[in-house]
Amino acid sequence: MSGANRIAGQGRLTPARTARFTFDGKTFDALEGDTVASALLANGVHLVGRSFKYHRPRGILSAGPEEPNALVDVSRDAARRQPNVRAPVQEVFDGMKVESQNRWPSLAFDVGGVNNLLSPFFAAGFYYKTFMWPKAAWEKVYEPFIRRAAGLGVAPTEEDPDHYANRYAYCDVLIAGAGVAGLSAALAAAEAGARVILCDEQPEVGGALHYDTSVKIDGQNGYDWAQATAARLEAMENVTVLTRTTAFGYYNHNFVGLVERVTDHLTRPDRKLPRERLWQVRAKRVILATGSIERHMVFANNDRPGIMLASAARTYLNHFGVAVGRKVGVYTANDSAYEAAFDLKRAGVTIAAIVDNRDKPGEAVLAEARKLGIEVLTGHSVVDTKGKLRVSSMSVARNGGGSARAIPVDALLMSAGWTPSVHLFSQSRGKVAYDAASGRFLPGTYAQDCLSVGSCNGTDALQATIEESLAAGELMARATGNEGGGKVELSGENAFDWTGGMAGSGEGAGVDTTVKAFVDFQNDVCAKDIRLAVREGMHSIEHIKRFTTNGMATDQGKLSNIHGLAIASEVLNREIPKIGLTTFRAPYTPVTFGALISHSRGDLFDPARKTPMHAWEEAHGAVFEDVGNWKRAWYYPRAGETMHDAVNRECRTVRNTAGLFDASTLGKIEVVGPDAGTFMNLMYTNAWDTLKPGRCRYGIMLREDGFVYDDGVVGRLAEDRFHVTTTTGGAPRVMHHMEDYLQTEFPHLKVWLTSTTEQWAVIAVQGPKAREILEPLVEGIDISNEAFPHMSVREGKICGVPTRLFRMSFTGEAGYEVNVPADYGEAVWEAIWARAEPLGACAYGTETMHVLRAEKGYIIVGQDTDGTVTPHDASLSWAVSKKKTDFVGIRGLKRPDLVKEGRKQLVGLLTKDPKVVLEEGAQIVADPNEPKPMKMLGHVTSSYWSENCGRSIAMALVAGGQSRMGQTLYVPMPDRTIAVEVSDMVFIDKEGGRLNG
Amino acid sequence: MLLIYCPYCEEERSELEFRHGGDAHIARPANIADITDEEFQDYFFLRDNPKGLIFERWRHIHGCGRFFNAARDTVSDKFVMSYKAGEPKPNLSGEPTATEKTVETYEAVEGIAK
Ligand SMILES: [Zn+2]
């Protein structure tokens, strides 16, 4: 037998099928189908954890996902380890390793338990008060201390070896919860022909039927009916039944997130299976059948191991065949707990007494208790408990202050009634309404196309639940256009209808008491903490929640919410609905990062864009840099070269001989149509009507506010066709910007825009020998200096393939940019390289490209500009047409601040010591001895060692920069202050003669 | 995740396929070069950020690529309608705007807390 507390003939697990696991190093036997909680209880283990703040010994409170105490660390192997797993949810598999958390050195003897003795210092809001001063102590003293003392589990450090799946799904009706309500709704919807997804967080359908063995549906045992119904639904083509699947988040427009736990319960999972699967469901209609959660009673020392919810004890008995004690007490304000006592009693467990704080419980349960010989103490309360690592007795007193009598127990079951699970409803932005008669919040105003049925809707009686659910299922199916089937009818019967329930603190834990009566077990919040919060001025439940941490973390109000509200309501003397209800946030229960990110990790985290020449570059030793998603060749080190050596060599070679550069990543947009010229005039500052076909021009694009948005060389291929280039990073947004204006402001223009970035491979051939390299390869284009001068474009052929050949330069050398269809890129590159290499040319990367352009003062939008720079600030006034009456940004440029004196302007900087290279981003001041805070004049935007100049060069944005030529400014650094001279931005070939070489 | 009706594709598609484009029905002045600073400020910088009904632009950027306009309740995130660019602003004065019922719980209790 797997565990001394397993009762023969009870429960639904198969005794022959066993599994072994360890808890804190000790081996235990379990049955297949056990949860960690049921297996531990079967072995008489109640102590499973230490509480968050006070390190109090804690046991298993529940049999479901609301579990606040029994959080354990579960591992399959070294890498597959997960902390904070709720023991009642995790199914046991053979070989599983379970460790308790938040204790040192051992669970039974925990040093942190001293916090319990120091608890007066840990009152509500103590984080805010105790650790306020001095600020510096936070990092070094307080935070590490709090983290050690108050930590929950320890996060795994190894990479997660499992994989996760993601699926989008669509249906007519999504039903969350597969208890009586969900199954009935699913049956009705499915029979009407609707596409149905039914999900439930438990391994099997049935919900409350797991424990409520008195229910019969259509004459069949309730649990068996549930399984048969699920099988019937699964056999239907229009239905998907998902167990071990939690609907964790309800988002806009009936978009619901489900997480399916696929392998966590398997001993030897097929590694091809994902560990978890995220379902992103868009449902036309949603039915919420999420049930309700039993509340605990709030009384002194209500947190000892062995004290648990009555329905949990019933689940452990009726489903798992486990008796949670041998002499069990019951403390209740609700009839439902009686049935736990009845079931245990019939299974041979002694019931010490049922303590009912009501004077008049339901007649039916009283009669049954009498029949079974169970002592019932009405009008009594449990006012305290004893027992160090497990409850050993309950102190019972008559309400109103009689003397207390200790009754020995080894388990204590409690029930303060049931809280409808309105979490998903609330997440859907539905507004709950307080039902004063039953003292609970129920779905009120719906915000989306959904309906709540069964106990989450406040419907208590079995037959009423069935009928409501069948009706909702059919209604939702009809509403989504399904006309099949007839009416589904079901009839249910159960032993007792439950009455009663209370909220707030019980006897002995009321106003003016200081006992530890826990409201929120997970966050160690007691009734007195909530009263303290109110006394300190927190009058809204949202403030109380944040001050006390009540209902935070994984609880999300499942157990603590209503009690917290009732206690605040009592001290504030204001009705519960006036205090409000905290907003429920997704996820309903914790979701792993793995499920959320699915395959989006490692290489698949973000796509890598590679140019057609990437393989060649790789083979020739390029080091790559990331530019957006692009992988760009950064530099090509030769044997023994540092980056600095390689860049210096590449820079020299381009200016002295020639170089090949992969410029394919440049954004490219084809602007075509009879009004293309007009459109270009509006989108760029330049005048395009004067640009003849076959010529190119450097264009500047502004936003409407007058700031530089993008730039690039534009070639006019024909009257009605422009080949526009953009910055590498700017291509998508420039396209979007152009489309925006074309579609919404200038829709009368006949223009078509096509992104062609990836259609062209671009090979820049730059340097004195560029023409010599290309000439023999080009067909049909005269590339002589006279026929094809700087800033020209022609269409023709190169190496037998079509090309758009540009004569242009981003280096200041004579140069060409060879555009060929992307598929020919590598072959043409190789052909050019075969000519270039023997002539002494090199391949160069983006670093050399940056240095060479800076030597010429060519700006890079986004590096030398930052979204607050006008063309005038960047010395590009020549590119702004003065004749045009309209272009995007024309008005913005005239704004007072944009024409003001003293704006930051781009200038060159030469360090007084030519060997010193400035740091990009460094600040610039006029007076290095000025007291702090110093007046910053601007910052360095680009800075390099220029091998060709034999010194460092830099560009900077400096206030009033263009009027400071020749001035000495200073760049203060942590270790020294660097003197610089303001210069123009052209450091080489100021006349530009080399361009025409 | 919103479900957005594209008036060009004539289909509801997931928000992933769209990009938001700011307020709708703000026409670029035809004489933009000549407008005053105040007029430019109103045109380019100032927006209402209403609680309730808003007219806004969307682009079906990963679909048909078209810009269109939509009327949405900023509290419930429900779309009242979407329509093609260039069509006049619909008169939706009969539509309920944000009411007490649709106001977040937190805000509802904030007043009491104050
Ligand atoms: Zn579309």
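None of these values were measured; they are calculated from a predicted model.

Trainee: Explanation requested: the environment of G329 of chain A in the structure shown.
Mentor: Residue and element names in this part refer to chain A. Along the chain, G329 falls in strand β18 (residues 327-332). Look at G329 and you get buried, because its relative accessible area is 0%. Separated by 623 residues in the primary sequence, G329 and S952 place their C-alpha atoms 84 Å from one another. Apart from residues lying up to four places away in sequence, G329 is in contact with A352, A353, M394, V409, A411, L412 and L413.

Trainee: Please explain the pairing of strand β4 (residues 53-59) of chain B as it appears in this structure.
Mentor: For a regular strand, the rule is simple: side chains alternate between the two faces of the sheet. All names here are of chain B. A large share of β4 lies buried, amounting to seven of its seven residues. The alternating pattern of β4 places L53, F55, R57 and R59 on one face and I54, E56 and W58 on the opposite face, and all of these are buried. Pairing between strand β3 (residues 19-23) and β4: three bridges, direction antiparallel. If you follow R19 over to β4, its bridge partner there is R59. Sheet topology note: the β4/strand β5 (residues 67-73) ladder contains seven bridges and is antiparallel. By the bridge assignment for β5, R57 is matched with N69.

Trainee: Mind showing me how you'd approach the interface of chain B and chain A here?
Mentor: For interface size, the figure often reported is the accessible area lost on association. Across the contact, 38 residues belong to chain B and 40 residues belong to chain A. It is M1, R28 and F67 of chain B that lose the most area in chain B upon contact with chain A, and together they represent 21% of the buried surface on that side. At the boundary of chain B and chain A, one finds five salt bridges. With its nearest N and O atoms 2.4 Å apart, the salt bridge here joins D37 of chain B to R891 of chain A. Elements supplying a minimum of two residues to the side of chain B that touches chain A: α1 (37-45), β4 and α2 (105-113) of chain B. Grouping the amino acids of the side of chain B that touches chain A by side-chain chemistry returns 22 nonpolar, six polar and ten charged.

Trainee: Sorry if this is basic, but what is going on with empty space enclosed by the protein here?
Mentor: By rolling a water-sized probe across the atoms, one finds the places where empty space is left. Residues and elements named next belong to chain A. All told, the structure shown has eight cavities of 30 Å³ or more when counted by the stated rule. If you go around the largest cavity, you meet 13 residues; those closest to its centre are R50, S51, P68, N69 and L152. Considered class by class, the residues forming the lining of the largest cavity number five nonpolar, six polar and two charged. If you add up the space inside the second largest cavity, you get close to 100 Å³. Forming the walls of the second largest cavity are 13 residues, and the residues nearest its centre are K545, N550, G551, N561 and T582. If you tally residues by element for the lining of the second largest cavity, the top one is helix α14 (residues 561-572), at three residues. Counted by class, the lining of the second largest cavity contains three nonpolar, nine polar and one charged residues.

Trainee: Quick question: what am I supposed to make of the coordination of the zinc ion here?
Mentor: Reference values for angles at a metal are 109.5 degrees in the four-donor tetrahedral case and 90 or 180 degrees in the six-donor octahedral case. All names here are of chain B. The zinc ion binds to the protein through C6 (SG), C9 (SG), H60 (ND1) and C64 (SG); the donor distances cover 2.0 to 2.3 Å. Note that the zinc ion binds four donor atoms; their angles at the metal cover 106 to 114°, and the shape is tetrahedral. With relative accessibility at 0%, the residue C6 sits in the buried group. Given the relative accessible area of 31%, C9 is considered partly exposed.

Trainee: I would appreciate a short explanation of unusual backbone geometry in the present structure.
Mentor: Peptide bonds are, in most cases, trans, and in most cases residues other than glycine have a negative phi. Residue and element names in this part refer to chain A. Of the consecutive residues A586 and P587, the connecting peptide bond is found in the cis state with omega at 0°. Mapped onto the fold, P587 is located in the loop between α15 (576-579) and α16 (593-597). Following K932, the chain continues to P933 via a peptide bond in cis, the omega torsion being 0°. Of note, P933 is situated in the loop between β47 (923-924) and β48 (938-946).

Trainee: Where do I start with helix α19 (residues 676-683) of chain A in this structure?
Mentor: Residue pairs spaced three or four apart in an α-helix point in one direction, given the helix's 3.6 residues per turn. Within α19 of chain A, seven of the eight residues are buried, leaving the element largely enclosed by the surrounding structure. Contacts made by the buried residues of α19 of chain A are with β35 (667-672), β36 (696-702), β37 (708-718), β38 (721-726), α20 (731-745) and β39 (752-755) of chain A.

Conventions and cut-offs
- Residues numbered from 1 in each chain as written.
- Chains lettered and ligands numbered in written order.
- Predicted model: local features only at pLDDT ≥ 70, side-chain atom pairs only at ≥ 80, totals over all residues.
- Heavy atoms only, no water.
- Helix = DSSP H or I, 4+ residues; strand = E, 2+ residues; numbered from the N terminus.
- Buried < 20%, exposed > 50% of the residue type's maximum accessible area, 1.4 Å probe, protein only.
- Contact = heavy atoms within 4.5 Å.
- Pairing = 2+ DSSP bridges.
- Buried area = accessible area lost by both parts, 1.4 Å probe.
- Salt bridge = Lys/Arg side-chain N within 4 Å of Asp/Glu carboxyl O.
- Nonpolar A, V, L, I, M, F, W, Y, C, P; charged D, E, K, R; others polar.
- 1 Å grid on protein atoms, 1.4 Å probe; cavity = no way out; pocket = protein on both sides within 12 Å on 5 of 7 lines; lining within 4 Å.
- Points joined across faces, edges and corners; volume = space filled by probe spheres on them.
- Donors = N, O, S within 2.8 Å, 3.2 Å for Na, K, Ca; no water.
- Tetrahedral: all angles 85-135°; square planar, octahedral: opposite > 155°, others 65-115°.

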